[in-house]
Amino acid sequence: MGSQAMMNPLDPEEFRRQAHVVVDFLADYYLNIENYPVCSQVEPGYLTKTMPQSAPLQPQPIETILQDVQKHIIPGLTHWQSPGFFGYFQSNASTGNFLGEMLLTGFNSVGFNWLASPAATELEMVVMEWLLKLLQLPKSFSFSSDGGGVIHGSTCESFVCTLVAAREKKLSQREADFGMLVVYCSDQTHFSLQKACQVVGISPNNVRSIQTKKSMNFQLSPDALLTAIESDVRAGLVPLYVCLTLGTTSTTAVDPLLALSEIAKRFLMWVHVDAAYAGSACICPEFRHFLDGVEGANSFSFNPHKWFLTTLDCCCLWVKDQTDLTKALSNDPELLKNKASDTKNVVDYKDWQIALSRRFRAMKLWMVIRSYGVTGLQGVIRKHVKLAKHFEALLIADKRFEVVVPRNFATVCFKVLAPNASNEDSKRLTQALLDSLNASGLVYMTHAVIEGVYVIRVAIGATLTEEKHVRMLWDMVQEHATHLLASCADIE
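Residues numbered from 1 in each chain as written. Predicted model: local features only at pLDDT ≥ 70, side-chain atom pairs only at ≥ 80, totals over all residues. Heavy atoms only, no water.

**Student:** Explain the overall build of the chain to me, please; I cannot follow it from the model alone.
**Tutor:** Helix and strand content of the chain: 16 helices and eleven strands. If you line up the chain on its principal axes, its C-alpha atoms span 80 × 75 × 45 Å. Buried residues in the chain amount to 51% of all 492 residues. Counting every atom, the chain has about 23000 Å² of accessible surface; 56% of that belongs to carbon and sulfur. Taken as two groups, the 43 positive and 49 negative side-chain charges of the chain have centres that lie 3 Å from each other. (Helix = DSSP H or I, 4+ residues; strand = E, 2+ residues; numbered from the N terminus. Buried < 20%, exposed > 50% of the residue type's maximum accessible area, 1.4 Å probe, protein only. Areas by Shrake-Rupley, 256 points an atom, 1.4 Å probe, with all protein chains shown as cover. Lys, Arg positive; Asp, Glu negative; His and termini not counted. Charge placed at Lys NZ, Arg CZ, Asp CG, Glu CD.)

**Student:** What's the story with the sheet that holds strand β10 (residues 446–450) in this structure? I'm lost.
**Tutor:** As a general point, the strands of a sheet are linked pairwise by backbone hydrogen bonds and lie either parallel or antiparallel. Strand order in the open sheet made by the four strands is β8-β9-β11-β10, with antiparallel pairing throughout. Of all strands in the sheet, those bounded by a partner on one side alone are β8 (401–403) and β10. Adjacent strand axes in the sheet meet at a mean angle of 40° when their direction is disregarded. The strands touched by helix α14 (residues 362–396) are β8, β9 (411–416) and β11 (453–459); relative to β9, the strand with the most contacts, the crossing angle is about 20°. (Pairing = 2+ DSSP bridges. Axes fitted to C-alpha atoms, helices over the stretch in contact; angles between N-to-C directions. Contact = heavy atoms within 4.5 Å.)

**Student:** Hey, could you run me through the packing of aromatic side chains in this one?
**Tutor:** Each aromatic ring pair is specified by the distance between its two centres and by the angle formed by the two planes. On inspection of all chains with the given rule, the structure shows 23 aromatic pairs. Relative to Trp307, the ring of Tyr277 has its centre 5.1 Å away and its plane inclined at 0°; by these criteria the two rings are stacked. Of this pair, Tyr277 sits in the loop between β5 (270–274) and β6 (299–302) while Trp307 sits in helix α11 (residues 304–307), and the two are 30 residues apart along the sequence. Across the pair, Trp307 and Tyr277 agree in class, each one buried. Between Phe287 and Phe409, the ring centres sit 5.8 Å apart and the planes meet at 45°, which makes this aromatic pair tilted. Remark: Phe409 occurs in the loop between β8 and β9 and Phe287 occurs in the loop between β5 and β6; sequence separation between them is 122 residues. Taken together, the ring pairs in this structure connect Phe89, Tyr277, Phe287, Phe290, Trp307 and Phe409 into an aromatic cluster. Residue placement shows Arg457 over the ring face of Phe89; its charged tip is 4.9 Å from the ring centre. (Phe/Tyr/Trp six-rings, centres within 6.5 Å; stacked < 30°, edge-to-face > 60°. Lys NZ or Arg CZ within 6 Å of the ring centre and 35° of its normal.)

**Student:** Would you explain the environment of Ala448 in this entry?
**Tutor:** Checked against the element boundaries, Ala448 lands in strand β10. Apart from residues lying up to four places away in sequence, Ala448 is in contact with Ser250, Val453, Tyr454, Val455 and Arg457.

**Student:** When you look at the side chain of Ser82 in this model, what are you seeing that I'm missing?
**Tutor:** Structurally, Ser82 is set in the loop between α4 (62–73) and α5 (95–107). Those residues in contact with Ser82 that sit more than four places away from it in its chain are Ile33, Val38, Ala462 and Thr465.

**Student:** It is not clear to me how the nonpolar core should be interpreted in this structure. Could you clarify?
**Tutor:** Within soluble globular proteins, side chains that are nonpolar tend to cluster in buried spots. Ranked by internal contacts, the top residues of the largest apolar core, which has 94 residues, are Leu131, Phe300, Trp318, Phe391, Phe409 and Leu433. Sequence-distant contacts of Leu433, that is, excluding residues within four places in its chain, are made with Phe401, Phe414, Val416, Ile456, Val477, His480, Ala481 and Leu484. Residues Ala165, Leu193, Val238 and Tyr241 belong to the second largest nonpolar core, which totals 29 residues. (Core = buried A, V, L, I, M, F, W, Y, C linked by side-chain atoms within 4.5 Å.)

**Student:** Explanation requested: helix α10 (residues 257–266) in the structure shown.
**Tutor:** In an α-helix, one full turn covers 3.6 residues, which means residues spaced three or four apart are oriented alike. If you check which residues of α10 are buried, you get Leu257, Leu260, Ser261, Ile263 and Ala264. When α10 is viewed along its axis, its buried side chains cluster within an angular range of 155° and face the same direction. Phi turns positive, to about 55°, at Leu268, one or two residues after α10. (Arc of directions from axis to C-beta.)

**Student:** Help me out: how do you make sense of helix α6 (residues 118–134) in this one?
**Tutor:** Taking 1.5 Å per residue as the helical rise, α6 with its 17 residues ought to reach 24 Å, and the 24 Å between its terminal C-alpha atoms agrees with that figure. Within α6 the residues assigned to the buried category are Ala120, Thr121, Leu123, Glu124, Val127, Met128, Glu129, Leu131, Leu132 and Leu134. Of the surrounding elements, those touching the buried residues of α6 are β1 (148–152), β6, β7 (315–319) and α14. Within two residues after α6, Gln136 carries a phi angle of roughly 55°, on the positive side. (Expected span 1.5 Å × (residues − 1).)

**Student:** Would you take a moment to explain unusual backbone geometry for this structure?
**Tutor:** Across the chain, the bulk of peptide bonds are trans and the bulk of non-glycine residues have phi less than zero. Going from Leu312 to Asp313, the amide bond is cis rather than trans, its omega being 0°. A positive phi angle, near 55°, is found at Gln136, a position not held by glycine. Along the chain, the position of Gln136 falls in the loop between α6 and β1. Its identity is not glycine, yet Asn217 carries a phi of approximately 55°, on the positive side.

**Student:** Hey, could you run me through the pattern of salt bridges in this one?
**Tutor:** When their charged atoms lie close together, side chains carrying opposite charge are able to pair. If you walk through the whole model with that rule in mind, you get 21 salt bridges. Among the ionic pairs, Arg382 bridges to Glu286, the shortest N-O distance being 2.7 Å. In this pair, Arg382 sits in helix α14 while Glu286 sits in the loop between β5 and β6, placing the two residues 96 residues apart along the sequence. Taking the relative accessible area as the measure of exposure, Arg382 reaches 33% and is therefore partly exposed. What makes Glu286 partly exposed here is its relative accessible area of 37%. Here Asp292 ties to Arg288 by a salt bridge, and the two come within 3.5 Å at their closest N and O atoms. Using a relative accessible area of 47% as the deciding quantity, one classes Asp292 as partly exposed. (Salt bridge = Lys/Arg side-chain N within 4 Å of Asp/Glu carboxyl O.)

**Student:** Before we go on, may I ask you to explain the sheet that holds strand β4 (residues 238–245) in this structure?
**Tutor:** An order of β1-β7-β6-β5-β4-β2-β3 is seen for the seven strands of this open sheet, with the pairing classed as mixed. Taken across any chain shown, the strands that pair with only one partner, and hence form the sheet edges, are β1 and β3 (207–210). Going across the sheet, the axis of each strand differs from the next one's by a mean of 20°, ignoring polarity. As defined by bridge partners, strand β2 (residues 181–186) adjoins β4 across four bridges and the pair is classed as parallel. Looking at β4, one finds that Tyr184 is bridged to Val242. Strand contacts of helix α9 (residues 222–234): β2, β3 and β4, with the helix running at about 165° to β2, the strand carrying the most contacts.

As far as function goes, none of this settles anything; it's purely spatial.
Written as structure tokens, this is what we have:
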């Protein structure tokens, strides 16, 4: 690299050359992604032992840096884009998204208010209105009403912001000690809600994690919620917030939104609907019924960075009354005063989030929607659901396995069955099967424990996953289970 290039770290021609090198590197990575073990097999500390102890004093060429990426970084990656990745929930990607990321990073806009980058603000408003219509959310969540949408980095951030908004609104409406406020959820609600409560100062003792049951498919029971609320009211506590989930992490259960929100409204509570995983599916008409009752919510969020061909980080949040957020989160420092903001006719997204600075995330979401269209996005979701439905049918037809909960979307939960096996025996067998499959390097799955039952979760949703990969997974499940059960029979 010449000295002139170093004098100008944004030299256009050098940028063009190096960007081509990196694009070629990534394209080759995807061509060869199935050659890597899906879950990294390195030992803790592997990289700190191999990396230099000090930063380089002199510039290094991109070719040398990428050699180290290939040699040292890729072995330490769990390959979330591998077609054999079936763990957690997917974070699928696409060419349209990568190009959007290039644009937003290239522009490097810091759009904390409208004036700082009008296009960043207004494109976000446009994209959020597009998605509102795709999901058929109530008009009350629209900028054309009193509501509106914002792109956050994560569900946890949306939890924090809506909890703060609910807290400030409640305390402004009635005299109440902060320590009297209570938050409600189910034992299937994502654990980041507990973390968000800690961040906003709500004691873990004031978070009611209501037990769910397999007999109700692990939905939050309206009767159980009402019982918990009434008990707290009798004790002089103040119900503040309830989180309802559309697609829980363990089993993709869907809470009955309408019944639960009606109960919450009787006690003037804030209702948030977390659809981080399954919200994407609701752009398909056949899944929209899962959102019935969302009109009773104060806020709604979902993560395009799970199942919408959009990479981290991207969480879409809508609120019915945008002033609930802005009153709780806004400030007006002299440094940021400007005529546009003074008119109150523009959106300053700094007042809709925790941080001041923000990325131009709308660019990549806009690129994804335009690159694939609604029909393309629906097609991806339907393909994954079809593959999951097929895998579920294969499990049901084999008496060695039990599908523990009904499949709602594209995640299947199952366990190993064995003749005369106790629950503890079944747990050991299922865990051994999972460990054996993951150790192969060809696939990767994760587990959950629901009502004391250990299950393997198969989340189908990686962009590159095709029918042949699900067939390979099924062949492996059968082969490894046969070996495992035979070994147990020999021991007995």
